[in-house]
Amino acid sequence: MNFLKRNYGWMIVAILSILPLFIIGSMIHIDFSNGISVSVIEGKGGEGRTTFELLYHITGEFAIRWMAAVLTLTPFFILFGITNLFVRQAMGVATAVWSFLHFIVFIWGEGFLETFTQVNYVAGFVAVLILVPLFFTTNRRSMKWLKSKWKKLQSLAYLAIILSLLHVAILEKTWIIYAIIVGVGFIIRIPIIKQKIIAFRKNRSISKA
């Protein structure tokens with residue numbers, strides 16, 4: 001029971017990030033009869049889309065959703081004083097995994113060289129590259145090893161979300177809601193605003209005591 005109390009946060013994140021994989025699994029056929037062969041099951045797209053297009057859409061949506069969610073954690077702490085390192089790490093891993101899946105689906109359908117044919121593809125590719133070192137350093141061992149450099153490295157997530165928003169905006173997909181969430185988060189992080197919010201929160205908690 002104590003284990004659940006200590007770890008329920010990141011466990012919920014893990015479950016939420018894993019569940020959509022079952023949907024993706026239902027669209028893919030893996031054949032082991034002659035080595036390993038992976039193919040897309042046609043007819044799963046619906047709404048006039050191919051299965052591949054739906055795969056591309058689902059992986060991209062969850063990638064940017066988790067990325068935006070991760071960047072709300074610091075503003076959430078500023079506003080409410082609540083933080084959880086394990087939840088942050090789990091959400092960071094979910095962001096990277098879904099971004100990698102999105103890129104893999106793209107390469108699978110279009111080929112790697114297609115990455116460099118359009119600005120939005122390049123922006124998405126650079127965002128994925130940025131997430132690689134963040135993915136491998138989202139743990140306590142890396143925090144101890146990198147020390148003050150760890151935060152500087154993790155701050156590259158802001159560049160990744162900006163590039164991701166550019167990628168989605170050029171594709172004319174739903175991006176405004178994510179831009180608003182990230183934009184509000186940036187405003188809350190502004191030092192003078194951050195300090196006033198924290199001071200107000202602390203004064204409020206003292207008056208309630």
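The structure presented is a predicted model; accordingly, all values stated were derived computationally and were not measured. (Residues numbered from 1 in each chain as written. Predicted model: local features only at pLDDT ≥ 70, side-chain atom pairs only at ≥ 80, totals over all residues. Heavy atoms only, no water.)

Glancing now at the overall build of the chain. Scanning the chain from terminus to terminus reveals 10 helices and two strands. Start at the N end of the chain and walk to the C end: the helices and strands fall as α-β-β-α-α-α-α-α-α-α-α-α. Once the C-alpha set of the chain is aligned to its principal axes, its extents read approximately 65 × 45 × 40 Å. Sequence separation of at least 24 residues holds for 64% of the intrachain contacts in the chain that already meet a minimum separation of 6. (Helix = DSSP H or I, 4+ residues; strand = E, 2+ residues; numbered from the N terminus. Contact = heavy atoms within 4.5 Å.)

Side chains of Ile 15, Ile 18, Leu 19, Leu 21 and Phe 22 sit close together on the surface and give an oily, nonpolar patch of about 490 Å² of accessible area. Residue placement: Ile 15 occurs in helix α1 (residues 2-25). (Patch = residues over 30% accessible without salt bridge, like charges linked within 9 Å, V, L, I, M, F, W, Y side chains within 5 Å. Areas by Shrake-Rupley, 256 points an atom, 1.4 Å probe, with all protein chains shown as cover. Salt bridge = Lys/Arg side-chain N within 4 Å of Asp/Glu carboxyl O.)

Further remarks concern the nonpolar core. One finds Val 13, Ile 58, Trp 66, Met 91 and Trp 98 to be the most contacted residues of the largest nonpolar core, which totals 20 residues. The dominant element in this core, judged by the number of residues it contributes, is helix α2 (residues 51-70), at eight residues. Ignoring any residue separated from it by four or fewer positions in sequence, one finds Trp 66 in contact with Val 13, Leu 16, Ser 17, Met 91, Ala 94, Thr 95 and Trp 98. Ranked by size, the runner-up nonpolar core spans 17 residues in total, among them Met 67, Ala 127, Leu 131 and Ala 160. (Core = buried A, V, L, I, M, F, W, Y, C linked by side-chain atoms within 4.5 Å. Buried < 20%, exposed > 50% of the residue type's maximum accessible area, 1.4 Å probe, protein only.)

Attention shifts here to the pattern of salt bridges. Counting across every chain of the model gives one salt bridge. The closest approach of N and O atoms between Arg 65 and Glu 61, which form a salt bridge, is 3.3 Å. Of this pair, Arg 65 and Glu 61 both sit in helix α2, four residues apart, roughly one helical turn.

Here we take up the pairing of strand β2 (residues 37-40). Looking at chain direction, strand β1 (residues 28-31) and β2 are connected through four bridges and run antiparallel. Paired with Ile 30 across the two strands is Val 38, which belongs to β2. If you look at the hairpin formed by β1 and β2, you'll find five residues sitting between the two strands, and Gly 35 has a positive phi there, around 80 degrees. (Pairing = 2+ DSSP bridges.)

The set of residues buried in helix α3 (residues 73-80) consists of Leu 73, Thr 74, Pro 75 and Ile 78. In the segment just after α3, Gly 81 is the residue with positive phi, at about 75 degrees.

Under the definition given, this model contains 13 aromatic pairs. Taken together, a centroid distance of 6.4 Å and an interplanar angle of 15 degrees make the contact between Phe 52 and Tyr 56 stacked. Highlighted residues: Phe 52 and Tyr 56, both in helix α2, separated by four residues, approximately one helical turn. The pair formed by Phe 52 and Tyr 56 is uniform in burial state, with each residue classed as buried. (Phe/Tyr/Trp six-rings, centres within 6.5 Å; stacked < 30°, edge-to-face > 60°.)

Quick look at the side chain of Asn 120 now. In this fold, Asn 120 is placed in helix α5 (residues 119-136). For Asn 120, the contacting residues outside a window of four places in its chain are His 167, Ile 170 and Leu 171.

On to the environment of Phe 77. Within the element layout of this structure, Phe 77 appears in helix α3. Overall, Phe 77 belongs to the partly exposed group, its relative accessible area being 32%. Taking the C-alpha atoms as reference points, Phe 77 and Gly 111, 34 residues apart in sequence, are found 41 Å from one another. Non-local contacts of Phe 77, meaning those with residues more than four positions away in its chain, are made with Ile 82, Thr 83 and Arg 201.

At a minimum axis separation of 7 Å, α1 and helix α4 (residues 85-110) run at an interaxial angle of 15 degrees. The angle between α1 and α4 places the two elements in the roughly parallel class. When the axes of α1 and α4 are compared, the crossing they make is right-handed. Mapping the contact onto sequence places Gly 9, Trp 10, Val 13, Ser 17, Pro 20, Leu 21 and Ile 24 in α1 and Phe 86, Val 87, Ala 90, Met 91, Ala 94, Trp 98 and Leu 101 in α4. Split by residue class, the contact of α1 with α4 holds 12 nonpolar, two polar and no charged. (Axes fitted to C-alpha atoms, helices over the stretch in contact; angles between N-to-C directions. Parallel < 35°, antiparallel > 145°, perpendicular 65-115°, else oblique. Left-handed = near helix turned anticlockwise from the far one by under 90°. Nonpolar A, V, L, I, M, F, W, Y, C, P; charged D, E, K, R; others polar.)

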